[in-house]
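# Structure assessment
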Amino acid sequence: MRSRPSIPFIALITLGLFVLTTLLIPATPRAAGLTDSDPHRSYLPLVLHTLSADEALVLAARRQVIALVNVERVASGCAAASENSILMHATQAWSTSLAATQTITHTSAYPGDWYAEHGWHAPILGENIGLGNRNEVVHHWMSSPAHRAALLACDAGPAYRYEIGVGFDSYGWILAISAE
């Protein structure tokens, strides 16, 4: 005999769908890379996808890396970077690509503009790749002068909003910071 889902399970699924839709649909056309002068506006389609337990854990870990990065940014006098769903998608896609090709390289080695091809059209201020768990990777980035500089990229100025995306796959972590 099949049992009915419990109320907490239904509430969790409903909350998960709400969070997922807020990540997939940008709050403003600008967040989708559009400006008021764009003659054609397009909106991301609403795709309902229930995260598996593994996907939910990876997403939570990616967000924990963002939180740890922002602790370091604020402690160093930089503005915290906001999670951006487009950058999250692009960094995750790059991480997945690296795992599929069994390589570790920055997007600068890609023949094209990886971020633009994945919907992000603002300049990338810094990109880091790292190995280890979420605590170790941020520590390693902060211990390396070049990675630290990318992580603490905040010289665009106070008029800019800093955006961040983090991806994770078997070949490690990808972090990208941009300013709009």
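See the structure printed just above.
Anyway, here's the lowdown on the structure attached to this text. (Residues numbered from 1 in each chain as written. Predicted model: local features only at pLDDT ≥ 70, side-chain atom pairs only at ≥ 80, totals over all residues. Heavy atoms only, no water.)

When you go through the chain residue by residue, the secondary structure sums to six helices and four strands. Here the chain holds 180 residues, and the buried ones make up 32% of them. Restricting to contacts in the chain with at least 6 residues of sequence separation, those with at least 24 account for 66%. Looking at the chain as shown, the accessible area adds up to about 10600 Å², and 62% of this sits on carbon and sulfur atoms. (Helix = DSSP H or I, 4+ residues; strand = E, 2+ residues; numbered from the N terminus. Buried < 20%, exposed > 50% of the residue type's maximum accessible area, 1.4 Å probe, protein only. Contact = heavy atoms within 4.5 Å. Areas by Shrake-Rupley, 256 points an atom, 1.4 Å probe, with all protein chains shown as cover.)

On to the pattern of salt bridges, then. A pair can form between side chains of opposite charge whenever their charged atoms are brought close. Inspection of every chain in the model, using the stated rule, returns two salt bridges. Residues Glu 83 and Arg 63 are paired through a salt bridge, measuring 3.0 Å at the closest nitrogen-oxygen approach. With Glu 83 in strand β1 (residues 82–83) and Arg 63 in helix α2 (residues 53–75), the pair connects residues that are 20 residues apart, well separated along the chain. In this structure, the salt-bridge partner of Glu 163 is Arg 161, at a minimum N-O distance of 2.5 Å. (Salt bridge = Lys/Arg side-chain N within 4 Å of Asp/Glu carboxyl O.)

A word on the sheet that holds strand β3 (residues 162–169). Read across the open sheet, the four strands follow the order β1-β3-β4-β2; overall the sheet is mixed. Two strands bound the open sheet, and with one partner strand each, they are β1 and β2 (124–130). As paired elements, β3 and strand β4 (residues 172–179) share eight bridges and run antiparallel to each other. When the bridges of β4 are listed, Glu 163 appears paired with Ser 178. Here helix α3 (residues 85–101) sits on the sheet and contacts β1, β2, β3 and β4; the angle it forms with β3, its principal contact strand, is near 30 degrees. (Pairing = 2+ DSSP bridges. Axes fitted to C-alpha atoms, helices over the stretch in contact; angles between N-to-C directions.)

The subject of this paragraph is the state of the cysteines. This structure, assessed with the given rule, holds one disulfide. Here Cys 78 engages in a disulfide with Cys 154; their sulfurs sit 2.2 Å apart. Because the torsion about its S-S bond is -50 degrees, the bridge between Cys 78 and Cys 154 counts as left-handed. Note that Cys 78 is positioned in the loop between α2 and β1 and Cys 154 in the loop between α6 (145–151) and β3, a separation of 76 residues in sequence. On the basis of relative accessible area, Cys 78 is assigned to the buried category, the value being 7%. On the basis of relative accessible area, Cys 154 is assigned to the partly exposed category, the value being 29%. (Disulfide = S-S within 2.5 Å.)

A separate point is the nonpolar core. Counting residues in hydrophobic clusters, the biggest one holds 21 residues, and the most contacted among them are Val 65, Trp 141 and Ile 164. The set of elements that each furnish at least two residues to this core consists of α2, α5 (134–143), β3 and β4. Counting residues per element, this core draws most heavily on α2, which supplies five residues. If sequence neighbours within four positions are ignored, Val 65 has contacts with Arg 134, Val 137, Val 138, Trp 141, Val 166 and Trp 173. With 13 residues, the next largest nonpolar core counts Ile 86, Trp 120, Ile 129 and Ile 174 among its residues. (Core = buried A, V, L, I, M, F, W, Y, C linked by side-chain atoms within 4.5 Å.)

The subject of this paragraph is the packing of α2 against α5. Contact geometry for α2 and α5: axes closest at 9 Å, N-to-C directions at 35 degrees. Handedness of the crossing formed by α2 with α5: right-handed. Here Ala 61, Gln 64, Val 65, Leu 68, Val 69 and Glu 72 of α2 come into contact with α5, specifically with Arg 134, Asn 135, Val 137, Val 138, Trp 141 and Met 142. Here the contact of α2 with α5 is composed, by residue class, of eight nonpolar, two polar and two charged. (Left-handed = near helix turned anticlockwise from the far one by under 90°. Nonpolar A, V, L, I, M, F, W, Y, C, P; charged D, E, K, R; others polar.)

On to the packing of α2 against α3. Axis separation between α2 and α3 bottoms out at 13 Å; the angle between their running directions is 110 degrees. Classed by the angle they form, the pair α2 and α3 counts as roughly perpendicular. Relative to α3, the crossing made by α2 is right-handed. Taken together, the residues of α3 that come into contact with α2 (itself represented by Leu 59, Arg 62 and Ile 66) are Met 88, His 89, Thr 91 and Gln 92. Tallied by class, the residues present in the contact of α2 with α3 amount to three nonpolar, three polar and one charged. (Parallel < 35°, antiparallel > 145°, perpendicular 65-115°, else oblique.)

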